[in-house]
Amino acid sequence: FPKQTFSLCCKPFRCRSLPARRKYMRSPLVPEMATQEVQLNETLSHLKTESDTLKTKLEEERAKLHDVELHQVAEKVDGLGQFVMKTRRTLKGHGNKVLCMDWCKDKRRIVSSSQDGKVIVWDAFTTNKEHAVTMPCTWVMACAYAPSGCAVACGGLDNKCSVYPLSLDKNENLAAKKKSVAMHTNYLSACSFTNSDMQILTSSGDGTCALWDVESGQLLQSFHGHAADVLCLDLAPSETGNTFVSGGCDKKANVWDMRSGQCIQSFETHESDINSVRYYPSGDAFASGSDDATCRLYDLRADREVAIYSKESIIFGVSSVDFSLSGRLLFGGYNDYTINVWDVLKGTRVSILFGHENRVSTLRVSPDGTAFCSGSWDHTLRTWA
Amino acid sequence: MSNNSAASSIVVAQKAVKQLRLEASVRRIKVSQAAAELKTFCLQNAHKDPLLTGVPSSDNPFRPPKSCVLL
């Protein structure tokens with residue numbers, strides 16, 4: 001990585017964006033340098049003007065195609081009835097705030113990580129703990145299940161992403177087989193396996209995302225473009241190709257081409273940090289949740305925001321979002337301890353779920369869509385159906 | 001040294017302009033068309049969505065099956 005200096009501290013406490021570049025203002029010592037300096041300054045100001053013109057043009061192009069709102073298109077669609085969703089299981093065992101969780105493809109196992117450094121694998125049907133690992137760092141902010149179900153990846157304040165193969169022997173010490181895969185220069189905020197156990201995508205407080213080969217630990221591609229901590233990422237559903245979306249403290253959501261490392265689309269309508277991004281099941285859109293207390297839907301082919309999910313009464317940030325299987329429902333975990341369920345098409349809230357006794361920090365729908373699981377700063381995870 | 005920092009600012013600005021040109025050239029469709037396709041996807045898949053339609057307790061491993069209480 002090119003070495004970059006960011007004056008940022010860890011997201012769990014605060015987040016700041018890059019300091020503004022200081023204006024170049026020094027008197028030249030030599031006359032030739034004076035003319036050079038003037039030329040450089042002119043070039044710089046031309047570039048700035050071009051940049052501003054392009055930004056305006058981009059907004060104009062997007063606005064031209066904004067002929068209708070999503071909820072207007074959905075006016076004739078039947079409204080959703082009353083939803084009865086309750087906590088069906090409560091997973092207790094973490095000694096501190098639960099920060100992240102992920103489902104196994106078998107639709108019943110869950111991996112979760114917490115502030116005290118513990119990573120636990122649960123059977124969500126029986127609530128039994130199957131594996132537990134203690135990481136050498138606190139604030140394990142990211143964890144992910146491998147597609148095969150045979151390993152988990154996790155990381156946080158150690159700036160790394162490590163992979164632990166899961167042993168069938170419950171007595172085996174998982175920490176002994178640990179493999180360090182990713183190395184960032186600041187905390188790890190999110191990680192995800194790609195379609196196989198062989199590659200991992202990570203995002204970090206150092207402002208970058210990166211793709212790694214698990215076996216060799218080699219960096220395959222890095223993604224530069226965020227101006228501050230990257231807090232979340234989500235891979236496009238496999239049918240739609242090699243892209244992923246990331247969200248950060250710079251209020252931007254960027255869509256990346258995994259092969260070239262290029263940022264292909266960028267969206268900046270949130271008013272604060274984007275804590276969570278999740279693709280719509282068709283891959284044509286994605287939702288985001290932010291500290292500005294709103295969730296938003298961005299359509300990739302229209303290249304713009306198409307819906308905002310908010311209410312005046314909701315003033316606390318959204319930490320985590322996910323869609324139901326058909327994409328009709330959007331679940332958001334909030335810092336006011338609740339989970340709000342939104343009708344994606346109509347833009348209205350259909351349900352509010354209470355139960356957690358502290359912030360909801362993470363939320364994922366199960367692979368077959370029969371339930372969703374939420375993790376909270378109240379040390380527990382809950383499955384809802 | 002002072003020229004170096006201007007030069008690096010230029011490199012950064014050039015990258016930003018290049019990125020913006022790329023983003024401006026993206027092919028876009030109308031929101032009405034995009035929204036219609038999102039709606040179609042939802043409606044076509046609604047019947048397969050257990051959280052939307054509700055699944056009978058006996059089929060959903062997370063819902064406890066109803067049982068009789070004998071007093």
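None of the values given here were measured: they were computed from a predicted structure.

### Structural notes on the packing of aromatic side chains
For step 1, the next point in the chain: Across all of its chains, the model carries 14 aromatic pairs over all chains by this definition.
For step 2, the next point in the chain: Relative to Phe62 of chain B, the ring of Phe125 of chain A lies with its centre 5.1 Å away and its plane at 80°, an arrangement referred to as edge-to-face. Highlighted residues: Phe125 of chain A in the loop between strand E4 (118-123) and strand E5 (129-134) and Phe62 of chain B in the segment after helix H3 (50-53), drawn from two different chains.
For step 3, the next point in the chain: The exposure class of Phe125 of chain A is partly exposed, given its relative accessible area of 23%.
For step 4, the next point in the chain: Accessibility expressed as a relative area gives 0% for Phe62 of chain B, which makes it buried.
For step 5, the next point in the chain: Taking NZ or CZ as reference, Arg359 of chain A lies 4.3 Å from the ring centre of Trp377 of chain A, over its face.

### Examining the pairing of strand E2 (residues 98-103) of chain A
For step 1, the next point in the chain: Among the six residues in E2 of chain A, six count as buried, and that is most of the element.
For step 2, the next point in the chain: Between E2 of chain A and strand E3 (residues 109-114) of chain A, which pair antiparallel in sequence order, lie five residues; one of them, Lys107 of chain A, sits at a positive phi of approximately 65°.

### Looking at helix H2 (residues 31-45) of chain B
Along an α-helix, a turn takes 3.6 residues, which lines up residues three or four apart on a common side.
For step 1, the next point in the chain: Taking 1.5 Å per residue as the helical rise, H2 of chain B with its 15 residues ought to reach 21 Å, and the 21 Å between its terminal C-alpha atoms agrees with that figure.
For step 2, the next point in the chain: For H2 of chain B, the secondary structure elements touched by its buried residues are helix H2 (70-73), strand E19 (285-290), strand E20 (295-299) and strand E21 (304-309) of chain A.

### Things to note about the sheet that holds strand E11 (residues 199-204) of chain A
Residues and elements named next belong to chain A.
For step 1, the next point in the chain: Spatially, E10-E11-E12-E13 is the arrangement adopted by the four strands of the open sheet, whose pairing is antiparallel. Of all strands in the sheet, those with a lone pairing partner are strand E10 (188-193) and strand E13 (219-224), marking the two edges. In this sheet, neighbouring strand axes are inclined to one another by 15° on average, regardless of whether the strands run parallel or antiparallel.
For step 2, the next point in the chain: Pairing between E11 and strand E12 (residues 208-213): five bridges, direction antiparallel. Looking across to E12, one finds that Leu201 is bridged to Leu211.

### Things to note about the UniProt feature "repeat: WD" (unreviewed entry) in chain A
All names here are of chain A.
For step 1, the next point in the chain: The UniProt entry lists residues 91-132, 181-222, 223-266, 267-308, 318-352 and 353-385 under the feature "repeat: WD" (unreviewed entry), expressed in the numbering used here.
For step 2, the next point in the chain: Along residues 91-132, the helical share is 0% and the strand share 55%, with 14 Å between the first and last C-alpha atoms.
For step 3, the next point in the chain: The span residues 353-385 carries 0% helix and 48% strand; its end-to-end C-alpha distance comes to 11 Å.

### So, the interface of chain A and chain B
For step 1, the next point in the chain: Counting residues at the interface gives 68 residues for chain A and 45 residues for chain B.
For step 2, the next point in the chain: Overall, the association of chain A and chain B removes approximately 4900 Å² of surface from exposure, summing both partners, and the carbon and sulfur fraction of that is 70%.
For step 3, the next point in the chain: Linking chain A with chain B are three salt bridges, by the criterion used here.
For step 4, the next point in the chain: Summed over the shared surface of chain A and chain B, the result is 15 residue pairs in polar contact (both at pLDDT 80 or more).
For step 5, the next point in the chain: Going through the elements one at a time, helix H1 (31-64), H2, strand E1 (87-91), strand E17 (263-267), E20, E21, strand E23 (329-334) and strand E28 (381-384) of chain A are the ones with two or more residues in the side of chain A that touches chain B.
For step 6, the next point in the chain: Tallying contributions element by element places H1 of chain A first for the side of chain A that touches chain B, with 14 residues.
For step 7, the next point in the chain: Class assignment for the residues of the side of chain A that touches chain B results in 37 nonpolar, 14 polar and 17 charged.

### A short note on the sheet that holds E2 of chain A
Residues and elements named next belong to chain A.
For step 1, the next point in the chain: Here we have four strands laid out as an open sheet, ordered E2-E3-E4-E5, and antiparallel in their pairing. Of all the strands in the sheet, the pair left with one neighbour each is E2 and E5. Direction aside, the axes of adjacent strands within the sheet are offset by 15° on average.
For step 2, the next point in the chain: Inspection of the sheet shows E2 paired to E3 by five bridges, in the antiparallel sense.

### Quick look at the pairing of strand E16 (residues 253-257) of chain A
All names here are of chain A.
For step 1, the next point in the chain: The buried count for E16 comes to four of five residues, which makes it a mostly enclosed element.
For step 2, the next point in the chain: Where strand E15 (residues 243-248) and E16 come together, five bridges link them in antiparallel fashion. Looking at the pairing, Phe244 lines up with Trp256 of E16.
For step 3, the next point in the chain: With antiparallel pairing between neighbouring strands as the criterion, E15 and E16 make up a hairpin whose turn holds four residues, including Lys251 at a positive phi of roughly 70°.
For step 4, the next point in the chain: Direction of pairing for E16 relative to E17: antiparallel, over a ladder of four bridges. Looking across to E17, one finds that Ala253 is bridged to Phe267.
For step 5, the next point in the chain: Counting the residues in the hairpin turn of E16 and E17 gives five residues, including Gly261, whose phi is positive at 85°.

About the cut-offs
Residues numbered from 1 in each chain as written. Chains lettered and ligands numbered in written order. Predicted model: local features only at pLDDT ≥ 70, side-chain atom pairs only at ≥ 80, totals over all residues. Heavy atoms only, no water. Phe/Tyr/Trp six-rings, centres within 6.5 Å; stacked < 30°, edge-to-face > 60°. Helix = DSSP H or I, 4+ residues; strand = E, 2+ residues; numbered from the N terminus. Buried < 20%, exposed > 50% of the residue type's maximum accessible area, 1.4 Å probe, protein only. Lys NZ or Arg CZ within 6 Å of the ring centre and 35° of its normal. Pairing = 2+ DSSP bridges. Expected span 1.5 Å × (residues − 1). Contact = heavy atoms within 4.5 Å. Axes fitted to C-alpha atoms, helices over the stretch in contact; angles between N-to-C directions. UniProt positions renumbered as here; feature names shortened; annotations may be inferred. Buried area = accessible area lost by both parts, 1.4 Å probe. Salt bridge = Lys/Arg side-chain N within 4 Å of Asp/Glu carboxyl O. Polar contact = N/O pair within 3.5 Å; in protein donor to acceptor, adjacent residues only side chain to side chain. Nonpolar A, V, L, I, M, F, W, Y, C, P; charged D, E, K, R; others polar.

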